[in-house]
Amino acid sequence: MLRVKGTGKSLLITMLLVCLTLTACGGGSGGKAADQGGKQTIRFATWDSEDNLTLQQELIDQFNETHTDIQVSLEAYGSDYDTKITAGMGAKDAPDVMYMWNYPTYKDALEPLDSYIEQEGGSFKDNFYETLWNYNSADGQILGLPVGYTTHVVYYNKDLFDAAGVPYPQDGWTWADLQEAAKKLSDKAENISGFAFSGKPDPYDFEMFLWGNGASYIDDQGNLEGNLNSPKSIEVLTMFQNMLKEGYAITTEGSGATEMKSGKVAMFTNGAWSIASLREAGINFGVVELPKFKDGSAVSVVSSSGISMSKESSKKDAAWEFIKFWTSEEANKARIDYELPVLKTVVESEQLQNDDMKRVFYHMLEMSEKYTPASFKVDNWSEISENLQLAFEQIFNPSTLMDPKTVLDDAAQ
Amino acid sequence: MEQAAKRFKRSRRLGKWTPYLFISPWIVGILLFTVGPLIFSLIMSFFNWPVTSKPKFIGLDNYSKMFTDDPQFYKSLWITLKFAVFYVPLSLGISLILALLITQHVKGVKIFRTIFYLPAVVSGVAVSIIWGWIFNTKYGILNYALSLLGIEGPKWLVDPNSAIISIVIASAWGVGTMMLIFYTNIKGISPDLYESAAIDGAGPFRQFRSITLPLITPTLFFNLITSTISALQQLTLVLLLTNGGPLKSTYFYGLFVYNNAFKHHKLGYASANAWFMFIIILLLTALIFRSSSVWVFYENEVKNKPARGGKGK
Amino acid sequence: MKTSAWYKTIIYSLLVLFSVYFLFPFIWIVLTALKTEAEVYQYPLVFFPSEWKFSNFIDAWNAQPFSKYLLNSVTITVLTTIGQIISCSMIAYGFSRYEFKFKNGLFILLLATMMIPWDVTMIPLYMQFNLFGWINTLKPLIIPAFFGSAYYVFLLRQFLMGVPKELEHAAKIDGANDFQTYSRIFMPIMKAPLTLIAVLNMLSVWNDYLGPLIFLQDRSKYTLALGLAAFKGVHELQIIPIMSITILMIIPPVIAFLFAQKYIVEGISGAIK
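Remember, predicted model here, so these are calculated numbers, not experimental data.

Caption draft 1: Spatial organisation of the sheet that holds strand 3 (residues 97-100) of chain A. Residue and element names in this part refer to chain A. A sheet is described by the order of its strands in space; here 5 strands give the open sequence 2-1-3-12-6, paired in mixed fashion. Two strands lie at the open edges of the sheet, namely strand 2 (70-76) and strand 6 (145-150), each paired on one side alone. Between one strand and the next, the sheet's axes are offset by a mean angle of 20°, whatever the strand orientation. Bridge count for strand 3 against strand 12 (residues 303-309) is 4 bridges, and the pairing is antiparallel. Looking across to strand 12, one finds that methionine 100 is bridged to glycine 306. Along the sheet, helix 2 (residues 50-66) contacts strand 1 (40-46) and strand 2; its crossing angle with strand 2, the most-contacted strand, is approximately 170°. Contacts from helix 14 (residues 316-326) reach strand 1, strand 2, strand 3, strand 6 and strand 12, with the element oriented near 150° to strand 12.

Set out below in structure tokens:
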């Protein structure tokens, strides 16, 4: 009797304690970014890391100081940005303002910004590079304001070129030029490769090579058949595969940046991301436009970053205020070491057209107008992309090296 | 008299409730944190839910698509099962060997104990980066070391055949926790048992077979179940190290579900995938559980015989 | 016990062999953390840094508010460990020392919760925590620990199943009630496995990345693991800070492990005597 009562009591007390802990924790300051002192709190999510992130925090602090009615809090999710944003959107708790590039995937959760932009007057919109608007829209609506961009270029290791006595590549060069240089540069004994490209390229990026040769994955109706496996497309893939077979090019496991940093790779293509990290790795390098195809041109895909507003946000005016700040000339200038500015006035005032490296990216941008990546044309891009990636792997993986025509015909089905 | 009987009954009734009181935190917890999301995801498996917009009811379409119209589903399932069949016994074996090694009474064993445990402490992000580097075919350290010995190393993460081995090698690096569980169990075994066995002339192998092994079956059982679960749900390493490649040879089921949910934004479909795996694991666990009565011994059952005679409690 | 020379040789060679496998990548992490960016990627590989850059640790630590992250990580780890020890010991005691209706069914349910696929329950869980007002606080990472974790309950039960039944009988004769039997007699017996659970819990919570990623927002709330991952951007990763922070993060769990060994060695059987 006593025993039972005792047990019950002790257990009840324990339970009570647990509940108390629970409520004690629960009763504290609310976790939601509460609006304090009449200030509206805006959540802003970024994917950037380290130095760039520090800079962003400084910019935000600056904004918070000068705005008496808005408080912005920065959320940084790094490489898992998409997982977090997806979870937030699914739970109807997305940040008010967020970085964005993959508009087709997220379009339904983003606020169309056309009317906001109109209110700012015509010159506001015109100051951005036109091409970038295409990359920050979906279904004919503008869903984000451009913050930064990069086109793709060829990075080359000057020391290796010097050692092999090969002249540096020049803008306007062709793939034949690249191959010839790569042949001279590669050195089996020293483990030096003339050219490196990803053995598992991101299909979004790789489409630029098809564009350069006058082809594309899909037409405006969304057909793969006759486009992905057109002779022009097959020609591109065959050319890349041949570079492998002939032994002066290698495929890389990632983007190729790691291999380039080893100092044993003479050339590879990438966006502007690599400038800072190659410098830190002590590589003496230069950049040059992508090579032209024989009867084609040099075209780059644009990897853009924009800033968007959540459709669910309850503080849209404040969010817009912050977006405007984030895309202002001042902010563009502040980010200049990390992002290529997207405002024409900034490019002019900072004389980027004369900058040895940056000029190349702007030139590539000019040459790449009017191309629309397949991801903006179809709804199921993520699945097509997965299939394409497998197809490319089959063509480039040393254990398969399959015939491009067979693979592409198959993938176009 | 009647009252006393009532009291007695009440106490018996409360007595019956005692075990439930002990497990009540778990019951409350499961109601608070588990049941809701679980049911929600089950319901979602009957919906088309692209995350960014409203879910639409589509009945059994997700399930029928999974079984009849998605070759990747079967491929991923097959790869994962293969991995589990290979990896579970391997990791159990290694961690058991390690646990036995670190219970040996030899000099410096403390240092080895810490060394074996170290990798388990390293965060997943760093683990994937470091192994990605080690395995890099052309500029990685492993093939570099092999080349110094005059051997041309395999194309680790590039060749589909060696990629899965690379995953196994990298996964097995973190067996420290399993080792520690075995170790705790082995340390709990009374030294008297070994002493009397040694007097009987039993060598280390016979001691292991007749004393250690039977007495650690409870934790062996535990490690078997948990490692089966984690092998079948393996995600982090394949996501960060190979991302399913090369040629989708490491496109594990966990990655299949993850990509459907977060890359393709098909949350309904991903829920159906996940529920299917949930059921498989559940059945498998039930099977292992059933079998346990044959091969798992709990110490009191085994020890009772000598203890009764010896200690006379 | 006398051990022969060849037996010892086998033991040592195995110990050394395994050490190479376990230690080598680890040494590589340490060496990388101390190099300059240029040396890290250089080929042919450079094993030892030309100049040991211990300042890398300080730079990495200062690159983000890591002191704040440390405080958050410690808070979560300490509180969850307390929570798990209290709740799991009770729950496992209930499951292993009593016979009751639905016991097997409930236990299977407990095991089942270990298999719950997080990919698809994460969003509803997010919604639920959002409803509680717990998002962007440490609560979702702490409070569930007070309700037990299937993994530890199961582990503890495996140990408790081996404890002789006579113990309760003796306690009952001494006049102890059920709760006293649990708290005064069984808690000391469970010292070794509870220490093990504390170590394991510390490990998983300390390195947990997904939970903090999903449930936290404000940078001031981040944990060490989240800060570590933030060095990994979409296109480029900061290898040296990652390795430096990794090493710093290893220290507390290793110290905990060294302390815990003592309790683990005392063992269950030791406690019964």
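Caption draft 2: The domain arrangement of chain C, seen in detail. Residue and element names in this part refer to chain C. When the domains of chain C are assigned, the result is domain 1 (1-53) and domain 2 (55-272). A C-alpha centroid distance of 30 Å is found between domain 1 and domain 2. For the side of domain 1 that touches domain 2, the elements supplying multiple residues, two or more each, are helix 1 (5-33) and helix 2 (37-41). With 4 residues, the top contributor of residues to the side of domain 1 that touches domain 2 is helix 1. Of the residues contributing to the side of domain 1 that touches domain 2, the split by class is 5 nonpolar, 1 polar and 2 charged.

Caption draft 3: Up close: the environment of Ser274(A). All names here are of chain A. Looking at where serine 274 falls in the secondary structure, it is placed in helix 13 (residues 274-280). A sequence separation of 28 residues divides serine 274 from glutamate 246, and the C-alpha atoms of the two residues are 27 Å apart. With sequence-adjacent residues up to four places away left out, serine 274 is seen in contact with Tyr155 and Ala257.

Caption draft 4: Summary view of the interface of chain C and chain B. Tallying the contact residues gives 82 residues for chain C and 78 residues for chain B. Taken together, the elements giving at least two residues each to the side of chain C that touches chain B come down to helix 1, helix 4 (66-97), helix 5 (103-112), helix 6 (118-132), helix 8 (150-160), helix 11 (191-207), helix 13 (224-229) and helix 14 (239-272) of chain C.

Caption draft 5: Highlighting the UniProt feature "transmembrane region" (unreviewed entry) in chain C. Within this structure's numbering, the places UniProt gives as "transmembrane region" (unreviewed entry) are residues 12-34, 69-95, 107-129, 141-160, 194-217 and 237-260 of chain C. End C-alpha atoms of residues 12-34 of chain C are separated by 31 Å, and the span's content is 96% helix alongside 0% strand.

Caption draft 6: Summary view of the UniProt feature "domain: ABC transmembrane type-1" (unreviewed entry) in chain C. When the UniProt feature table is mapped onto this chain, "domain: ABC transmembrane type-1" (unreviewed entry) is found at residues 70-260 of chain C. For the annotated span residues 70-260 of chain C, helix accounts for 73% and strand for 0% of the residues, and the straight-line distance between the end C-alpha atoms is 21 Å.

Caption draft 7: A look at the packing of helix 4 of chain C against helix 11 of chain C. Residues and elements named next belong to chain C. Close contact between helix 4 and helix 11 brings their axes to 9 Å; oriented N to C, the two are set at 140°. Note on packing geometry: the crossing formed by helix 4 with helix 11 is right-handed. Between helix 4 and helix 11, the contacting residues are Ser73, Ile76, Thr77, Thr80, Thr81, Gln84, Ile85, Cys88 and Ser89 on the first element and Leu194, Ile197, Ala198, Asn201, Met202, Val205 and Trp206 on the second. Split by residue class, the contact of helix 4 with helix 11 holds 9 nonpolar, 7 polar and no charged.

Caption draft 8: Structural context of the confidence of the model for chain B. Residues and elements named next belong to chain B. Of all residues in chain B, 91% attain a pLDDT of 70 or more, and the chain-wide mean is 88. Between residues 4-13, whose pLDDT stays under 50, and residues either more than four places distant or in other chains, the model counts 3 contacts. For the stretch residues 302-313, pLDDT sits under 50, and the model shows 4 contacts to residues farther than four places along the chain or on other chains.

Caption draft 9: Highlighting the UniProt feature "domain: ABC transmembrane type-1" (unreviewed entry) in chain B. Those places that UniProt annotates as "domain: ABC transmembrane type-1" (unreviewed entry) correspond, in this numbering, to residues 77-288 of chain B. Along residues 77-288 of chain B one finds 75% helix and 0% strand; the C-alpha atoms at either end are 20 Å apart.

Caption draft 10: Up close: the interface of chain A and chain C. In this complex, chain A contributes 45 residues to the contact, which on the side of chain C involves 38 residues. Top element by residues in the side of chain A that touches chain C is helix 1 (residues 2-27) of chain A. It accounts for 10 residues. Class assignment of the residues belonging to the side of chain A that touches chain C gives a composition of 15 nonpolar, 18 polar and 12 charged.

Caption draft 11: Region of interest: the UniProt feature "transmembrane region" (unreviewed entry) in chain B. Residues and elements named next belong to chain B. According to UniProt, the positions carrying the feature "transmembrane region" (unreviewed entry) are residues 20-47, 84-103, 115-134, 163-183 and 274-298. Within the segment residues 84-103, helix and strand shares are 90% and 0% respectively, and the terminal C-alpha atoms sit 28 Å apart. Between the end C-alpha atoms of residues 163-183 there is a gap of 31 Å, over a span that is 86% helix and 0% strand.

Caption draft 12: Structural context of the pairing of strand 1 of chain A. Residue and element names in this part refer to chain A. With respect to burial, strand 1 is a largely interior element, 6 of its 7 residues being buried. Sheet topology note: the strand 1/strand 2 ladder contains 7 bridges and is parallel. In the sheet register, isoleucine 42 faces strand 2, and the bridge partner there is valine 72. Traced from strand 1 through helix 2 to strand 2, the parallel crossover comes out right-handed. In this sheet, strand 3 lies alongside strand 1 in parallel orientation, the contact comprising 2 bridges. By the bridge assignment for strand 3, alanine 45 is matched with methionine 98.

Caption draft 13: Representation of the environment of Leu113(A) in the model. All names here are of chain A. Tracing the sequence through the fold places leucine 113 in the loop between helix 4 (103-106) and helix 5 (114-119). C-beta crowding within 10 Å serves as the criterion here: with 21 such atoms nearby, leucine 113 is assigned to the buried category. Once residues lying within four places of it in the same chain are set aside, the contact partners of leucine 113 are Ile142, Leu143, Gly144, Leu145 and Met309.

Caption draft 14: A look at the nonpolar core. The biggest cluster of nonpolar side chains holds 286 residues, and the ones touching the most others in it are Phe195(A) and Val153(C). Every residue in contact with Val153(C), bar those within four places of it in the chain, is listed here: Trp26(B), Cys88(C), Ile91(C), Ala92(C), Phe95(C), Leu110(C) and Gly148(C).

Caption draft 15: Geometry of unusual backbone geometry. With an omega dihedral of -10°, the bond running from Gly245(B) to Pro246(B) counts as a cis peptide bond. Among the structural elements, Pro246(B) can be located in the loop between helix 12 (236-242) and helix 13 (253-263). The amide bond that connects Tyr43(C) to the next residue, Pro44(C), takes the cis arrangement and shows omega of 0°. In this structure, Gln351(A) is a non-glycine residue whose phi angle is positive, near 55°. By the secondary structure assignment, Gln351(A) is in the loop between helix 16 (344-349) and helix 17 (358-367). Here Gln351(A) falls in the exposed class, since 10 other C-beta atoms lie within 10 Å of it.

Rules used in this analysis
Residues numbered from 1 in each chain as written. Chains lettered and ligands numbered in written order. Predicted model: local features only at pLDDT ≥ 70, side-chain atom pairs only at ≥ 80, totals over all residues. Pairing = 2+ DSSP bridges. Helix = DSSP H or I, 4+ residues; strand = E, 2+ residues; numbered from the N terminus. Axes fitted to C-alpha atoms, helices over the stretch in contact; angles between N-to-C directions. Contact = placed C-beta atoms within 7 Å. Domains from an automatic or database assignment. Nonpolar A, V, L, I, M, F, W, Y, C, P; charged D, E, K, R; others polar. UniProt positions renumbered as here; feature names shortened; annotations may be inferred. Left-handed = near helix turned anticlockwise from the far one by under 90°. pLDDT = per-residue confidence, 0-100. Buried ≥ 20, exposed ≤ 12 C-beta atoms within 10 Å, placed from the backbone. Right-handed = clockwise from strand over helix to strand, strands pointing away. Core = buried A, V, L, I, M, F, W, Y, C linked by C-beta atoms within 7 Å.

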